[in-house]
Amino acid sequence: MNKNTMKQLSFNIKTFGCQMNERDSEIMAQLLAEKGYVESIDIEDSDVVILNTCSIRAKAEQKAMSLLGALRKAKKRRPGMKICVAGCVAQQEGEELCERMPHVDLVIGTQNIYELTELLEATRGTSKVAISMSDAYEIPAFIPVLPKLLQGKELPPPFPARPFRKFLTIMQGCNNYCTYCVVPYTRGREISRKVEDIINEAHVLVDAGIHEITLLGQNVNSYGRTNPVTTDGSEYSFSLLLREVAAIPGLKRLRFTTSNPKDLSPELMRCFNEIEILCPQFHLPVQSGSNAVLSKMNRKYTRELYLQRVEELRSFRPDIALSTDVIVGFPGETDANFEQTMELLEHVRFHSSFSFKYSDRPGTRSADFDDKVDELVKSQRLARFQKRQDEICLEQNSLYVGKNLPVMIEKVTEDGMVGRTETNHIVHIEEKIECLPGDIVHIAINHAGQHSLNGGISSTPATYNK
Ligand code: SAH
Ligand code: SF4
Ligand code: F3S
């Protein structure tokens, strides 16, 4: 590809969508680095550009597509540039993407990312499509490479960013087939990774100085239910996995995402009470407060069951911060149905939420429903939901004022530090002490905003580092 053999080839990856894509981008970056590629700062000045796309909502897809369109010019200026589309749009569109966008060199499916470098080498002038989707797919035992973290605290702030927390994929795909969702089509059947591979990867991360791990999957509660995950074929569960990962010496915080309320087991809820490093934070997408809508969505739980789970979770861990996802304007959603979502918000008082207007996705069942809600009504409902949620965020956050909380430092800036509480609230600290990202410092919270907290140091990290 490049006549000048002395020159190192560069790559740039743009990631759209969920944490699963973020983790996949890291894997692709590592594969390229192992082949000698270096990461470039400017996407237009790269030998290989990868767009890791998301198709969960029309808007997410459009964002990636407009960047892809803009890259046509960049490629004209730099004819050697190879453009690769990965992720859920790639998986769904395959060949068609190359027809629409002839400047694309490679379309790579969600189960094909590990073949990236071989495929790139094989692209010579014509577009290549590698999309496979197997029910027997196994997530490879891929070992992350992280720079060894600097020992000691000699670096003066602001110091270069260093990794202190990581995502760890434990499963891929989804078998739930919610009627609005593309994930079962773009990520395939639900497949759990082997326990041994997960534990090995967690050890590698902790040995490299990672202090916080988030276990990732579309539906982590059903980990190990669809395929054997142990070497001897014995039964296993998500709560067992949590306990095993939590036992790794040196790990300070453990989180996971995402969970479906229908599979939330008492064993998992008990973990919040029993595992010290499991953070009191739970993302439990509800989608709607109306049973009629939940049923049309094929969510397989009721509003009552959801509320019961919330009660139970709070009885196991009263300080748990709950967050959720909500879709407004699902086909057939009436004013009364929407009011029930508002009531549910009022009742649960989520610490935060992600809310979206329903968006038709190709291939999903709801795309064919004929009782679509008017765009304007969807916008009005979304604005009302978000306004009330913002008020509740502020009310909930105000309850932290006056508390002394352990905060994991994320960065040290010229005028202070930024970190996160166990409940995943961002804290702005107007002072600084000698510490590194990943250290835990106790902070006296003195102010609450809608989306973050403020505070001052109340102790040194040495006292509170576990
Ligand atoms: N596995 C997770 C959700 C993953 S997708 C779960 O089961 O909850 C993230 C969120 O995107 C969903 O929770 C949903 O709120 C939203 N979403 C998915 N498809 C959508 C669509 N067609 N229109 C609008 N929002 C959608
Ligand atoms: Fe999509 Fe439903 Fe699976 Fe979540 S559980 S990924 S919303 S199909
Ligand atoms: Fe998007 Fe695919 Fe994740 S559709 S949300 S990138 S699984």
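Cut-offs used in this document
- Residues numbered from 1 in each chain as written.
- Chains lettered and ligands numbered in written order.
- Predicted model: local features only at pLDDT ≥ 70, side-chain atom pairs only at ≥ 80, totals over all residues.
- Heavy atoms only, no water.
- Near = heavy atom within 4 Å.
- Nonpolar A, V, L, I, M, F, W, Y, C, P; charged D, E, K, R; others polar.
- Helix = DSSP H or I, 4+ residues; strand = E, 2+ residues; numbered from the N terminus.
- Expected span 1.5 Å × (residues − 1).
- Buried < 20%, exposed > 50% of the residue type's maximum accessible area, 1.4 Å probe, protein only.
- Contact = heavy atoms within 4.5 Å.
- Pairing = 2+ DSSP bridges.
- Polar contact = N/O pair within 3.5 Å; in protein donor to acceptor, adjacent residues only side chain to side chain.
- Areas by Shrake-Rupley, 256 points an atom, 1.4 Å probe, with all protein chains shown as cover.
- Axes fitted to C-alpha atoms, helices over the stretch in contact; angles between N-to-C directions.
- Phe/Tyr/Trp six-rings, centres within 6.5 Å; stacked < 30°, edge-to-face > 60°.
- Core = buried A, V, L, I, M, F, W, Y, C linked by side-chain atoms within 4.5 Å.

Participant: Give me the lowdown on the site of ligand 2, citing residues and values where you can.
Facilitator: Neighbouring residues of ligand 2: Cys174, Asn176, Tyr177, Cys178, Tyr180, Cys181, Val183, Pro184, Gln218, Asn260 and Arg299. Residues belonging to the shell around ligand 2 are distributed by class as follows: seven nonpolar, three polar and one charged.

Participant: Go over helix H13 (residues 375–398), please, and point to the residues and values.
Facilitator: The end-to-end C-alpha separation of H13 is 35 Å, in line with the 34 Å expected for 24 residues at 1.5 Å each. Looking at H13, one finds that the buried residues are Lys378, Arg381, Leu382, Phe385, Arg388, Gln389, Ile392, Cys393, Gln396 and Asn397. On the buried face of H13, the contacting elements are strand S13 (321–328), helix H12 (335–348), strand S14 (352–357), strand S18 (440–448) and strand S19 (452–457).

Participant: Could you give an account of the pairing of S13, with specific residues and numbers?
Facilitator: Counting buried positions along S13 gives eight out of eight residues, so the element sits mostly inside the fold. With burial as the criterion, each face of S13 is covered, one bearing Ala321, Ser323, Asp325 and Ile327 and the other bearing Leu322, Thr324, Val326 and Val328. Where strand S12 (residues 281–283) meets S13, three bridges bridge the pair, whose relative direction is parallel. Counterpart to glutamine 281 in the pairing with S13 is alanine 321.

Participant: Give a description of the site of ligand 1 that names residues and reports values.
Facilitator: Around ligand 1, the structure places 15 residues, and the nearest of them are Arg57, Gln218, Gln287, Asp325 and Ser359. Interatomic distance of 2.7 Å between a side-chain N/O atom of glutamine 287 and an oxygen atom of ligand 1. Contact with the protein chains covers 90% of the free accessible surface of ligand 1, which is 550 Å². Listing elements by their share of the shell around ligand 1, those giving two or more residues are S13 and S14. By residue class, the composition of the shell around ligand 1 is six nonpolar, four polar and five charged.

Participant: Please provide a residue-by-residue account of the sheet that holds S18, values included.
Facilitator: The strand order around the closed barrel built from five strands is S15-S16-S17-S19-S18, with neighbouring strands paired in mixed fashion. For this sheet, the mean angle separating the axes of adjacent strands, direction not counted, is 50 degrees. In this structure, S18 lies alongside S19, joined through five bridges in antiparallel fashion. Bridge pairing in S19 places alanine 448 opposite leucine 453.

Participant: For the packing of aromatic side chains, give the residues involved together with the corresponding values.
Facilitator: For the structure on display, the rule yields 12 aromatic pairs. Geometrically, the ring pair formed by tyrosine 177 and tyrosine 185 is edge-to-face, given 5.6 Å between the ring centres and 70 degrees between the ring planes. Judged by its relative accessible area of 35%, tyrosine 185 falls in the partly exposed class. Aromatic pair phenylalanine 330 and tyrosine 358: ring centres 5.4 Å apart, planes at 80 degrees, arrangement edge-to-face. Taken together, the positions of phenylalanine 330 in the loop between S13 and H12 and tyrosine 358 in the loop between S14 and H13 put the pair 28 residues apart, joining distant regions of the chain. Given a relative accessible area of 0%, phenylalanine 330 falls into the buried group. The exposure class of tyrosine 358 is buried, given its relative accessible area of 4%. Ring pairing ties together the aromatic residues Tyr180, Phe330, Tyr358 and Phe369, which thus form one cluster.

Participant: Explain the nonpolar core residue by residue, including any values.
Facilitator: One finds Leu215 and Leu241 to be the most contacted residues of the largest nonpolar core, which totals 67 residues. The element contributing the most residues to this core is helix H7 (residues 195–207), with six residues. Those residues in contact with leucine 241 that sit more than four places away from it in its chain are Ile170, Val195, Ile198, Ile199, Leu215, Tyr223 and Tyr236.

Participant: Account for the sheet that holds S14, naming residues and giving values.
Facilitator: Strand order across the open sheet formed by three strands is S12-S13-S14, with parallel pairing between neighbours. Each having just a single partner strand, S12 and S14 make up the two edges of the open sheet. On average, each strand axis in the sheet is inclined to that of its neighbour by 10 degrees, with strand direction left out of account. Relative to the sheet, H13 contacts S13 and S14, its axis offset from that of S14 by approximately 175 degrees.

Note that every value here comes from positions in space, so none of it alone points to a role or purpose.
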